[in-house]
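Reading the structure
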Amino acid sequence: MADYRTALGRARGLGSAKHGVGHFIGQRVSAVALIVLALWGVWSALSIAASGYDGARQWLGEPVNAALLVLLALAGFYHVRIGTGVIIEDYIHRPATKATLLIANTFVCLAGAALTAICLLKVAFAGGPS
Amino acid sequence: MVESKPALRARPLSPRLEVWRWHITLAASILHRLTGMGLYAGLLILAGWALALASGPDTYGAYAGLLASVPGKIVLFAVTVCLFFHMANGVRHLAWDSGLGFKPATADVTAWAAFAFAAAAAVGVWVLLAVNGVL
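From a predicted model like this one, the values you see are computed outputs, not experimental measurements. (Residues numbered from 1 in each chain as written. Chains lettered and ligands numbered in written order. Predicted model: local features only at pLDDT ≥ 70, side-chain atom pairs only at ≥ 80, totals over all residues. Heavy atoms only, no water.)

Moving on: the overall build of chain B. Counting its regular elements, chain B contains four helices and zero strands. Start at the N end of chain B and walk to the C end: the helices and strands fall as α-α-α-α. At 21 Å, chain B has a C-alpha radius of gyration far larger than the 14 Å of a compact globule built from 135 residues. Summarising its shape, the C-alpha atoms of chain B cover approximately 75 × 45 × 30 Å along the three principal directions. (Helix = DSSP H or I, 4+ residues; strand = E, 2+ residues; numbered from the N terminus. Rg over C-alpha atoms; globule rule 2.2 N^0.38 Å.)

With that out of the way, let us pick up the pattern of salt bridges. The full count for this structure, using the stated rule, is two salt bridges over all chains. With a closest N to O distance of 2.4 Å, A:Arg28 and B:Asp97 form a salt bridge. Of this pair, A:Arg28 sits in helix H2 (residues 22-48) while B:Asp97 sits in helix H3 (residues 70-97), each in a different chain. On the basis of relative accessible area, A:Arg28 is assigned to the partly exposed category, the value being 25%. Of the residues examined, B:Asp97 reaches a relative accessible area of 37% and is grouped as partly exposed. Here A:Asp90 ties to B:Arg33 by a salt bridge, and the two come within 2.7 Å at their closest N and O atoms. Of this pair, A:Asp90 sits in helix H4 (residues 63-91) while B:Arg33 is found in helix H1 (residues 24-55), placing the two residues in two different chains. (Salt bridge = Lys/Arg side-chain N within 4 Å of Asp/Glu carboxyl O. Buried < 20%, exposed > 50% of the residue type's maximum accessible area, 1.4 Å probe, protein only.)

Every contact between the two is made by 37 residues of chain B and, on the other side, 45 residues of chain A. Both sides together, the interface formed by chain B and chain A hides about 3600 Å², and carbon and sulfur atoms give 73% of it. On the chain B side of the contact with chain A, B:Arg33, B:Tyr40 and B:Leu53 bury the most area, a combined 17% of that side's loss. On the surface where chain B and chain A come into contact, there are two salt bridges. Where chain B meets chain A, there are six residue pairs in polar contact (both at pLDDT 80 or more). Of all elements in the fold, only H1, helix H2 (57-68), H3 and helix H4 (104-131) of chain B reach the threshold of two or more residues within the side of chain B that touches chain A. Top element by residues in the side of chain B that touches chain A is H1(B). It accounts for 13 residues. Here the residues of the side of chain B that touches chain A sort into 26 nonpolar, five polar and six charged. (Contact = heavy atoms within 4.5 Å. Buried area = accessible area lost by both parts, 1.4 Å probe. Polar contact = N/O pair within 3.5 Å; in protein donor to acceptor, adjacent residues only side chain to side chain. Nonpolar A, V, L, I, M, F, W, Y, C, P; charged D, E, K, R; others polar.)

Listed below in structure tokens is the structure:
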């Protein structure tokens, strides 16, 4: 017997179309990266906490430090954007409020990631204290 | 004959605090979300630090002074606790995703372990800061 439903009509309500796990995997991959990056970040914070402006710039002038701190910020904002999105979806049920918060969350995380990365790179490329 | 549209299957609902009996695993679960929000704030503090460092010595000095004030230290200590708890509890989540650690007794022990690790690691880091003369 002929099935007159469209492909979309047949697929609706049946779950993932193979893209639904993207966030799930991304959240876990960034989590694994962040275990290492955050531990390094705490250790680094301890080592430069007392070094002041010039010390901090000198520390960021080291390519490995700059690369790892940029990665920490990018992975962090990526991870926190997904996590916060899930919390908003779980607890905010008014569609307009939910959409507004989800978009605001995305904008804050993208702005934070871009601003942090550019500031860190600006200092890193300046090469040591100015 | 045109078939009628299949009904959407009932979707699972997220857990709500008021329907759960208090338990250590419940506390760990809700605190995972709360500490995640705390780390959101922590990332924004890091963004502010990067901006201050790129803006020059005066701005950096003012920002560092803000972080070194008593309220600043309280916030940074809270972020440290959030980080270590979220990290330890995140490892529990990664284990569950691999199908491990679901037995109630195991889940209880690992939840307590996450709390213990968070407390010990956060206090340890701040003791190190004090020993280094930063506090």
